[in-house]
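The chain contents come next:
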Amino acid sequence: MSYAEIDGLRLWYEEHGTGRPLVLLHGGYGAVEMFAPILPALAERRRVVAVDLQGHGRTADVDRPLRYESLADDVAALITRLGLTGADVMGYSLGGGVALRTAVQHRALVRRLVVVSAPCRRSGWYPEVLAAMAHQDEAFGERMRGTPPHQLYARVAPRPEDWPRLWAKTGDLLRRDYDWCAEVAALTLPTLLVFADADSVTTAHMVEFFGLLGGGHRDAGWDGTDRPAARLAVLPGLTHYDIVGSPALPAAVLPFLTHPATAPG
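### A look at the packing of aromatic side chains
Phase 1 of the analysis: What the rule picks out here adds up to 8 aromatic pairs.
Phase 2 of the analysis: With centroids separated by 5.9 Å and ring planes inclined at 70 degrees, the aromatic side chains of Trp163 and Trp167 adopt a geometry described as edge-to-face. In this pair, Trp163 and Trp167 are both assigned in helix H7 (residues 163–175), 4 residues apart and thus about one turn of the helix distant.
Phase 3 of the analysis: One residue, Arg112, lies across the ring of Phe256, its end atom 5.7 Å from the ring centre.

This is the structure in structure tokens:
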């Protein structure tokens, strides 16, 4: 458990377990603790490197906006600093967007990619989710005081008084439009998409995202030779908010990380 100095940012990371490295990226307003329920299962098989992103958890904010692209550059710099080239990267929600951008912007550093409950374009969220994002600001952050995310932040953040600022900067990020479909379609690394069956991402977008990665276009054949490099898991009985702590998540992820990869179609 330590800090890495990256372009003026003191990026917090923790290491658990041994084996091939797996970088974990939490969701918005969270920290590495977001993965606590599933960390033992992952660390039993992998060298897990869990990161607190800019302004989250133990990583203090710096004077720059929150952007998926710059957060991905931070993760890539950490992978390089720790000598983890060829690491697998897994992100949930906001961290899923960061994981995807890491693979897009730093392809040589990432072996396999796992995106959990995150779209590849902003309109992939349900309209009511986008409407909620429109109201995330300092005032909303003040109303969130006393909630479990705030209690964690107050306990571990270097500057607990930055809580409203985190809401303002995250809200600004979430309201920015993006569409990474063309870049996703150009990805060649094995990728697993994981969603809940009652997620905040539309089921239509789940299928679209998978299709961009080469999935869902044809029958795999009796021997599976036409199976795409990408995989899609829709976990039943879960939502966007409880998928990250479900034992079904490592049960879906760990086989993907170890199966022999096929060439992209």
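Don't stop here, the text continues.
### Re the pattern of salt bridges
A side chain of one charge can pair with a side chain of the opposite charge when the charged atoms of the two come close.
Phase 1 of the analysis: Here the structure, examined in full by the defined rule, presents 14 salt bridges.
Phase 2 of the analysis: For Asp74, the salt bridge identified is with Arg64, shortest N-O distance 2.2 Å. With Asp74 in helix H2 (residues 68–81) and Arg64 in the loop between strand E4 (47–52) and H2, this residue pair connects regions lying 10 residues apart in the sequence.
Phase 3 of the analysis: Residue classification places Asp74 among the buried residues on the basis of a relative accessible area of 4%.
Phase 4 of the analysis: Ionic pairing is found between Arg159 and Asp162, a salt bridge with its closest N-O pair at 2.8 Å.
Phase 5 of the analysis: Under the relative-accessibility criterion, Arg159 is labelled partly exposed at 29%.
Phase 6 of the analysis: Classification of Asp162 as buried rests on a relative accessible area of 11%.
Phase 7 of the analysis: One network of salt bridges, with partners in common, ties together Glu33, Asp52 and Arg58.

### Considering the layout of surface pockets
Phase 1 of the analysis: In this structure, the largest pocket occupies an estimated 850 Å³ of space.
Phase 2 of the analysis: In terms of lining residues, the largest pocket is bounded by 35 residues, among which Gly28, Tyr29, Ser93, His240 and Tyr241 are the most central.
Phase 3 of the analysis: Residues belonging to the lining of the largest pocket are distributed by class as follows: 24 nonpolar, 11 polar and no charged.

### Some thoughts on the sheet that holds strand E3 (residues 21–25)
Two orientations exist for strands paired in a sheet by backbone hydrogen bonds: parallel and antiparallel.
Phase 1 of the analysis: With respect to topology, 8 strands assemble into an open sheet ordered E1-E2-E4-E3-E5-E6-E7-E8, the strand pairing being mixed. Two strands lie at the open edges of the sheet, namely strand E1 (2–6) and strand E8 (231–239), each paired on one side alone. Each neighbouring strand pair of the sheet contributes to a mean axis angle of 25 degrees, computed without reference to strand direction.
Phase 2 of the analysis: Summarising the sheet, E3 and E4 pair through 5 bridges and their orientation is parallel. Of the residues in E4, the one forming a bridge with Leu22 is Val48.
Phase 3 of the analysis: In the packing of helix H9 (residues 203–212) onto the sheet, contacts are made with strand E6 (110–116), strand E7 (191–198) and E8, and the angle to E7 comes to roughly 170 degrees.

### A short note on the side chain of Thr59
Phase 1 of the analysis: Its location among the elements puts Thr59 in the loop between E4 and H2.
Phase 2 of the analysis: From its side chain, Thr59 meets the backbone oxygen of Asp52 in a polar contact 2.6 Å long.
Phase 3 of the analysis: When residues no more than four places from it in sequence are discounted, the contact partners of Thr59 are Leu9, Arg10, Leu11, Trp12, Asp52, Leu53, Gln54 and Pro158.

### Here we look at the packing of H2 against helix H3 (residues 94–105)
A pair of packed helices is captured by two measures, namely the crossing angle of their axes and the spacing between those axes.
Phase 1 of the analysis: Packing of H2 against H3 brings their axes to within 8 Å, and their N-to-C directions diverge by 70 degrees. One finds that H2 runs roughly perpendicular with respect to H3. Regarding H2 and H3, the two cross each other, and that crossing is right-handed. Along its contact with H2, which presents Tyr68, Glu69, Leu71, Ala72, Asp73 and Val75, the element H3 presents Leu94, Gly97, Val98, Arg101, Thr102 and Gln105.
Phase 2 of the analysis: Broken down by class, the residue content of the contact of H2 with H3 amounts to 6 nonpolar, 3 polar and 3 charged.

Thresholds applied
- Residues numbered from 1 in each chain as written.
- Predicted model: local features only at pLDDT ≥ 70, side-chain atom pairs only at ≥ 80, totals over all residues.
- Heavy atoms only, no water.
- Phe/Tyr/Trp six-rings, centres within 6.5 Å; stacked < 30°, edge-to-face > 60°.
- Helix = DSSP H or I, 4+ residues; strand = E, 2+ residues; numbered from the N terminus.
- Lys NZ or Arg CZ within 6 Å of the ring centre and 35° of its normal.
- Salt bridge = Lys/Arg side-chain N within 4 Å of Asp/Glu carboxyl O.
- Buried < 20%, exposed > 50% of the residue type's maximum accessible area, 1.4 Å probe, protein only.
- 1 Å grid on protein atoms, 1.4 Å probe; cavity = no way out; pocket = protein on both sides within 12 Å on 5 of 7 lines; lining within 4 Å.
- Points joined across faces, edges and corners; volume = space filled by probe spheres on them.
- Nonpolar A, V, L, I, M, F, W, Y, C, P; charged D, E, K, R; others polar.
- Pairing = 2+ DSSP bridges.
- Axes fitted to C-alpha atoms, helices over the stretch in contact; angles between N-to-C directions.
- Contact = heavy atoms within 4.5 Å.
- Polar contact = N/O pair within 3.5 Å; in protein donor to acceptor, adjacent residues only side chain to side chain.
- Parallel < 35°, antiparallel > 145°, perpendicular 65-115°, else oblique.
- Left-handed = near helix turned anticlockwise from the far one by under 90°.

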